[in-house]
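Chains, contacts and geometry: an overview
Each chain, written out:
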Amino acid sequence: MASVRSSSSARPGLSVPLVTGLASGGGNPGLLAKQALELGARVVAVDRASAAEDVQLACYAEAQRRGYSRGEFQLPKILAGPSAVAEVAGSPCDVVLNAVTGAAGLASTLAALDAGRTLALANKESLIVGGPLVAKRAAPGQIVPVDSEHSALAQCLRGGRADEVARLVVTASGGPFRGRSRHELEGVTPEQALAHPTWKMGPVITVNCATLVNKGLEIIEAHLLFGIGFDRIEVVVHPQSVVHSMVEFTDGSTLAQASPPDMRIPIALALGWPDRVPAAAPAIDWTNAHTWSFEPLDTDAFPAVSLAREAGIAGGTAPAVYNAANEECVAAFLAGEIAFTGIVDTVARVMSEYDSAGRAVTRVEDVLAADAWARARARELTGTAHGADKVSRGTTERRGAHSDGRNAG
């Protein structure tokens, strides 16, 4: 996560972001120190208090490597602990870029919104699990999407009035297993699932792209960001990942946003919104021939999108349950505890056992309670906690509704 303040540069009309703070889990202190000194961040936060000393030593080492003596170079202030990242998110700046992984990013999202910062949101999970809680605290236009799909939708929506929008079309690469049947997916290994054909990402988001859970999360995000009903949000498979999403209008025309699969473009746009950042990344090379294809989603092999749609329609804390159960199932899959198909099967079973009726999201505690229940039940089902009804690696059991998601998707 980063907090950013804009400043005028020597080039007229161009705003250069100054990084005022950085935050991370603390697992890579050397990289965090390098970024902090290179970008001149005044404060650095780590979620794990035990990592604070490592980050401090890494900052001293990085300063030495750069030729700075301790007296000549101001090292960043280091914050540590569970609330440290949210503290940076609420600190004085213009834009907060929240890219915390998973539901853990909710506190930072709320802190940034409450402080009146523009929120460049890469952590879709905080919006999805927080739902109305996040929406109520956000002023119009305060949340700017960083996901390439939602950035594309935001750009295309500039092309018409709200009452002219027929539907949103979210594109998906199809992941590394596009074209495979459900039976063929049963033997997928973690190594295979982590080999995304287009994007390089962390393990959780990469597996989410392989199961298309990420795409399911994205349709909930699109609904919350743009106020479009779930019956007017579609997913289409586009393997080349050049058209990042489309908006269909009532007159039959469709606007699409196309660019090479390079996250620098949506990140730069989010930091500069509503203005574009010149030369953020290379454009499409129109001197070469291109073939772009589109195909319908196979919901039998990849039911995660359908399940996410059901969670979104149910509303309340149901999306939080969907997200939390998935995060636990992905961890179980990467640890070799369940089969690849067991991820969404288990999420579907957790969802079928959850009664979301009357469970509105009015407080953070509502989200945390649903999150905790879903995680505990998912761990029981996957056998990663002491409990019954383990979903075995070879024969995953499924009960309840049909199930079927990110950036890359």
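Residues numbered from 1 in each chain as written. Predicted model: local features only at pLDDT ≥ 70, side-chain atom pairs only at ≥ 80, totals over all residues. Heavy atoms only, no water.

Focus: the pattern of salt bridges
Counted according to the given criterion, the structure contains 21 salt bridges. For D163, the salt bridge is made with R161, and the minimal N-O distance between the two is 3.1 Å. One salt bridge connects E380 with R377, and the closest N-O pair in it is separated by 2.8 Å. Of this pair, E380 and R377 both sit in helix α16 (residues 364-382), 3 residues apart, which is roughly one turn of that helix. A residue is classified by how much of its surface remains accessible, and E380, at 28% relative accessible area, is partly exposed. Since its relative accessible area comes to 12%, R377 is described here as buried. When salt bridges that share partners are traced, they join E327, E328, D371, R375 and R379 into one network. (Salt bridge = Lys/Arg side-chain N within 4 Å of Asp/Glu carboxyl O. Helix = DSSP H or I, 4+ residues; strand = E, 2+ residues; numbered from the N terminus. Buried < 20%, exposed > 50% of the residue type's maximum accessible area, 1.4 Å probe, protein only.)

What to know about the sheet that holds strand β8 (residues 165-172)
Taken together, 5 strands build an open sheet; the order of strands is β11-β10-β8-β9-β12 and the sheet is mixed. For this open sheet the edge positions go to β11 (254-258) and β12 (295-296), each flanked by a neighbour on one side alone. Judged from the 5 bridges that link them, strand β10 (residues 243-249) and β11 form a sheet pairing that is antiparallel. Along β11, the bridge assignment pairs S245 with Q257. The strands touched by helix α7 (residues 148-156) are β8, β10 and β11; relative to β10, the strand with the most contacts, the crossing angle is about 35°. (Pairing = 2+ DSSP bridges. Contact = heavy atoms within 4.5 Å. Axes fitted to C-alpha atoms, helices over the stretch in contact; angles between N-to-C directions.)

Focus: the packing of helix α10 (residues 203-211) against helix α14 (residues 318-334)
Here α10 crosses α14 at 95°, and the two axes come no closer than 10 Å. With respect to α14, the element α10 is oriented roughly perpendicular. Mapping the contact onto sequence places P203, V204, V207 and N208 in α10 and N326, V330, F333 and L334 in α14. Partitioning the contact of α10 with α14 into residue classes produces 6 nonpolar, 2 polar and no charged. (Parallel < 35°, antiparallel > 145°, perpendicular 65-115°, else oblique. Nonpolar A, V, L, I, M, F, W, Y, C, P; charged D, E, K, R; others polar.)

Here we look at the nonpolar core
Counting residues in each nonpolar core, the largest one holds 85 residues, and the members touching the most others are L168, Y322 and F340. Per-element accounting of this core gives the leading share, 10 residues, to α14. Setting aside its immediate chain neighbours within four residues, L168 contacts L153, L157, A222, F226, I228, R232, I233, E234, M246 and V247. Counting 15 residues, the second-largest nonpolar core is a separate cluster that includes A2, A33, A58 and A63. (Core = buried A, V, L, I, M, F, W, Y, C linked by side-chain atoms within 4.5 Å.)

A look at the environment of V88
Along the polypeptide, V88 turns up in helix α3 (residues 84-89). In this structure V88 comes out as buried when scored by relative accessible area, which is 1%. Sequence-distant contacts of V88, that is, excluding residues within four places in its chain, are made with M1, S3, G21, L22, V43, A45 and L79.

Section: the pairing of β8
The side chains of a regular strand alternate, residue by residue, between the two faces of the sheet. The element β8 is largely enclosed, with a buried count of 6 among its 8 residues. Summarising the sheet, β8 and strand β9 (residues 233-237) pair through 5 bridges and their orientation is parallel. The residue of β9 that forms the bridge with T171 is V236.

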